[in-house]
Each structure stands twice: as structure tokens, then as C-alpha cells.
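If you want the building blocks of each chain, they are given just below.
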Amino acid sequence: RHNLIQPHEFPYVIPSGNVYDIGNYQAVMDKAVEMFDVEGWRRKQAEAKLEGRHIGIGLVACQERSVFSSTEFWSLNPPEHPGFTLSSSPEAVAIRLDPTGQVFVQLCAPFWGNSPETVVTQIVAEALTVEPSDVSIGYADTDAGFNGTGPGGSRYTVMVAGAVVKGVRTLREKLFRLAGHMLECGSGDLELRGGKVGVKGVPGKEKTIAEVASAAQYFRLNFPDPPEFDNGLETTAVYDHPLTTMPAADGTHLGICYPIMGHMVHAIAVEVDTRTGQVKILDYVAVHDCGTVVNPMTLAGHVRGGTAQGIGTALYEHFRYDESGQLLTGSFADYHIPTVHEMPAHIRVGHVETPSPYTEYGIKGGGEGGRMAAPPVIVQAIEDALKDLGVQLSEVPLTPRRLREIVRAAGG
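Residues numbered from 1 in each chain as written. Predicted model: local features only at pLDDT ≥ 70, side-chain atom pairs only at ≥ 80, totals over all residues. Heavy atoms only, no water.

Asks: Just give me the short version of the sheet that holds strand 5 (residues 103–107), but keep the residues and values in it.
Replies: Taken together, the 4 strands give an open sheet; going across it, the order is 6-5-4-10, and neighbouring strands pair in mixed fashion. The open sheet has two edge strands, strand 6 (135–139) and strand 10 (234–239), and neither has a second partner. When strand polarity is set aside, the average angle formed by the axes of neighbouring strands in this sheet is 20 degrees. Those strands touched by helix 3 (residues 116–128) are strand 5 and strand 6, and its axis lies near 140 degrees from that of strand 6. Sheet contacts for helix 4 (residues 156–183): strand 4 (91–97), strand 5 and strand 10; angle to strand 4, the most-contacted strand, approximately 35 degrees. (Pairing = 2+ DSSP bridges. Helix = DSSP H or I, 4+ residues; strand = E, 2+ residues; numbered from the N terminus. Axes fitted to C-alpha atoms, helices over the stretch in contact; angles between N-to-C directions. Contact = heavy atoms within 4.5 Å.)

Here it is as C-alpha cells:
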């Protein structure tokens, strides 16, 4: 707790020049400790010790940087050969309202990450007050796509949300302009409600989005001549990084390149069988601050999937070579990845929401948190379980074979 950045210290500048946007790391710690019940597990640990069993607990806190700027990649090149010094990594969408009121959104990035179809559907449906079933998501191919960087670096939910909000804002302006003419009122007097454009404070005086869209498509002569009343309701929108600055010319800092900072605390209880080297996970709690939670189900899937990956890193996955350099784990028959059988029965996920002041809705990234925290918290818990043997651990994976070797070397 002493080492955690305090809430009043945000935005927090680190020596490399990057900024941590906002957070309440103490609140995340409090929630994790409450959910995990540290004191309860200490009692169980003491009881198990009397029975000759080895239970250990671990608790770690770490940051998850998200929403990279391309300026981060400048650091990979020597100053005298700067290479391809990009300074933008935008995201784009195309949005169209058809004459029936259906909304079609085209994404310019491949499908992976926090279920982009789900996220975009939620945002569009809420912004236009239509049903999610009225929103259809499609993907541009490599010939038609534009200004898309895609998922990676826990960025896509933040970036595509920014692009969608920008596009919907443009559509709303034209929708209100057309509806204002149809309803004989100013655009500022209108609001969206239940899939309709209506006059504020006047129930029943409204047009459905489908009626406005149909008029915009097929009845141009019913509207004034200026081009802002031209046919159609469609737009494209490009959203660039919400907070970034250039690296220093002299190389003394990288500028702001990865500022939307998530945070997590993971807590775990394990039991180590010193005879076989097997590690059994008894309890696992993962509390994350990803800013405003867009979809709890898909985000929890992200956290649990990342945790599974981290469990593999900590306990199973190992590239093994013989003395001549021959890879001994070249297939999944020898290279073990965790399945449902190796996972804890339930990873209990909690959330603390500290909205970012720089992104739409306050969203932060959450794609990589689970796999970051799982290896250190597992190793810490194993070390705690074997502390009576004086075991200190400095490498992963801790496969059963390696754990047996470590225990025997410690005299266990």
C-alpha cells in the first residue's frame, strides 16, 4: 500500500515521459482483499500445516498500460537510425442508416479482442435509442478497409468506441436536420427517444428513424436545396489517439505513448504436493480497473482467458531443448497448455471503475491484465507454501518435475 500511487497524484508522469491517466489503486486492493479473505486463508494455511500440507497465498498488484500510440515504437530504433517513425495509429468505422431504419456498421479491423461486434452494437444502439437487433456489423476487406490499426496493446475497445461515437454524432446531426424540417422545428428542439426523433417536451410529435431515413433516401424534393439535405444517411469516422505527445528529439524521453492505465490486483491460494510437484489452485480472485465497463460478460472472459494463459506460463508451458539444440516440445503432446482441467473451478472477477478522463465513456483497456498478474501471483503463492523449506523461486514455468527438483534440493 505504501508503494501504490495515490489518487491525488494522477495524472502521474513516469521517468520515460509516459503518463498514467487516472486510478484508485487502493480501492482495487481493498476489493481484492475483501473478496479473497486473506485472514481466512491464513487460518486455513495454519490448519493445513498441522496436517503436513503445504498451502500458500499470493497477492500482487500491477498496471496494465493500454491504447498505445505509434510513437512508442520509436524506442525500438537507435537514435541515429529512427526508422519508420509513425505518429498515428487511428481507428475508423463506416455507419449507414438504410430506409427501414436498420443501422449498418463496417469495421476496418479484424475480429479479435473484447468482442468488437458486441461492443459496437451496444454503443450504437444506446446512442441512437434503437434495439441491438437493428444494428448489423460487417468487416471491410483488405481492399476496402481504411485507417484501421486493429486490436493489440489493449486498445481496440477504446479506439473503436471513439470512432463510433464520432460517426454517430455526425449521423445524429443530419438526422435532426432532416427531422426538424419534417416536424417544422429547429434541430435544437429535438431528441432521440425509443428509436424516434421527437420534439422535446411534446409527446407524440415525432418521426421514427425509419421514416426520416426513408424520406432522406427517396424524397429529396421534399427538402430544401442546400447540400446539407442531400440524399442518404451515412458517414465515415476516423478516431486518433486520445492523448499522445512526440518523443524528445534528444532521446531523453518517449513522450506520452501509452497513457490509458488499467490496474489490477490478483490473489490466489494454492496447495503444493511436495511428493509429486503438483500445484492445485484452491481459490483465485482477480479485481481489475478497466475504467468504465462496457460489457461485464466479455470483459470477464478477457480476464479469465488471460489468467488461463498466465497459469500456462507459470506452471506448464516450456520450450525444452536437448544438448544439441533439438526442440523436445514441438507438439502439444509434449508442450502442455492449460485446459479446463488445469484451471480453477471458478476465477472470481471483480471490478473497480475509475473512468479515464481522456476516452469516450471513460473506457480503459482490459485485454492483457489476466496474463500479466497470474505468473507472479502463482509463483509468490508457491514460494509462500514452501517457505518452511527456505525455497526461493526465480524462474517459470514451475512444472512438477522442476518443483520436485527444487524441493529435493532444499532438503524436503
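Read on for the rest.
Asks: An account of the side chain of T359 is requested, with residue identities and associated values reported.
Replies: Within the secondary structure, T359 is located in the loop between strand 13 (347–351) and helix 7 (369–385). Taking the relative accessible area as the measure of exposure, T359 reaches 9% and is therefore buried. For T359, the side chain forms a polar contact with the main-chain oxygen of I363, separated by 2.7 Å. Discounting chain neighbours no more than four positions away, the residues touching T359 are V158, Y239, P242 and I260. (Buried < 20%, exposed > 50% of the residue type's maximum accessible area, 1.4 Å probe, protein only. Polar contact = N/O pair within 3.5 Å; in protein donor to acceptor, adjacent residues only side chain to side chain.)

Asks: Could you give an account of the pattern of salt bridges, naming the residues involved and the relevant values?
Replies: For the structure on display, the rule yields 18 salt bridges. A salt bridge links D289 to K364, with the shortest nitrogen-to-oxygen separation between them at 3.4 Å. Of the two residues, D289 is situated in strand 12 (residues 279–289) and K364 in the loop between strand 13 and helix 7; the sequence distance between them amounts to 75 residues. Of the two residues, D289 and K364, neither departs from the other in class, the shared state being buried. (Salt bridge = Lys/Arg side-chain N within 4 Å of Asp/Glu carboxyl O.)

Asks: Before we move on, could you go through the packing of aromatic side chains and cite the residues and values that matter?
Replies: Applying the stated criterion across every chain, the model contains 8 aromatic pairs. Here the aromatic rings of F68 and F73 are separated by 5.4 Å at their centres, their planes lie at 55 degrees, and the arrangement is tilted. Ring plane angle 15 degrees and centroid distance 6.2 Å describe the contact between F223 and F229, whose orientation is recorded as stacked. Like F223, the residue F229 is buried in the burial classification. An aromatic cluster of three or more residues is present, and its members are F68, F73 and Y258. Over the ring of W41 we find K44; its NZ or CZ atom is 4.3 Å from the centre of that ring. Over the face of the ring belonging to F68 we find R155, whose NZ or CZ atom lies 5.1 Å from the ring centre. (Phe/Tyr/Trp six-rings, centres within 6.5 Å; stacked < 30°, edge-to-face > 60°. Lys NZ or Arg CZ within 6 Å of the ring centre and 35° of its normal.)

Asks: For helix 5 (residues 209–218), give the residues involved together with the corresponding values.
Replies: Every buried residue of helix 5 is listed here: I209, V212, A213, A215 and A216. Buried residues along helix 5 cover an arc of 160 degrees about the axis, so they all sit on one side. Packing partners of the buried residues in helix 5 comprise strand 4, helix 3, helix 4, strand 7 (190–193), strand 8 (196–199) and strand 9 (206–208). (Arc of directions from axis to C-beta.)

Asks: For the packing of helix 3 against helix 4, give the residues involved together with the corresponding values.
Replies: In the contact formed by helix 3 and helix 4, the axes pass within 10 Å of each other and the chain directions differ by 30 degrees. Relative to helix 4, helix 3 is oriented roughly parallel. For the crossing formed where helix 3 meets helix 4, the hand is right-handed. Packed against helix 3, whose contacting residues are P116, V119, V120, I123, V124, A127 and L128, the element helix 4 presents Y156, T157, V160, A161, V164, V165, V168 and R172 at the interface. Class assignment of the residues belonging to the contact of helix 3 with helix 4 gives a composition of 13 nonpolar, 1 polar and 1 charged. (Parallel < 35°, antiparallel > 145°, perpendicular 65-115°, else oblique. Left-handed = near helix turned anticlockwise from the far one by under 90°. Nonpolar A, V, L, I, M, F, W, Y, C, P; charged D, E, K, R; others polar.)

Asks: Describe a nonpolar patch on the surface, naming the residues involved and giving the relevant values.
Replies: On the surface, a cluster of nonpolar side chains totalling about 330 Å² of accessible area is made up of F319, Y321 and L327. If you trace the backbone, Y321 turns up in the loop between helix 6 (296–315) and strand 13. Relative accessible area serves as the criterion here: at 51%, Y321 is assigned to the exposed category. (Patch = residues over 30% accessible without salt bridge, like charges linked within 9 Å, V, L, I, M, F, W, Y side chains within 5 Å. Areas by Shrake-Rupley, 256 points an atom, 1.4 Å probe, with all protein chains shown as cover.)

Asks: Give me the lowdown on the nonpolar core, citing residues and values where you can.
Replies: Grouped together as the largest cluster of nonpolar side chains are 48 residues, with contacts concentrated most on V93, V105, V124 and L175. Elements with a minimum of two residues in this core: strand 4, strand 5, helix 3, helix 4, strand 7, strand 8, helix 5 and strand 10. The next biggest cluster of nonpolar side chains, apart from the first, holds 32 residues, and it includes A308, L315, V377 and V379. (Core = buried A, V, L, I, M, F, W, Y, C linked by side-chain atoms within 4.5 Å.)

Asks: Describe in detail the environment of P116, supporting the description with residues and values.
Replies: For P116, the location among the structural elements is in helix 3. Once the C-alpha coordinates of P116 and T298 are considered, the two residues, 182 residues apart in sequence, prove to be 9.8 Å apart. Each residue touching P116, except ones within four places of it in the same chain, is listed here: L107, F111, Y139 and Y156.

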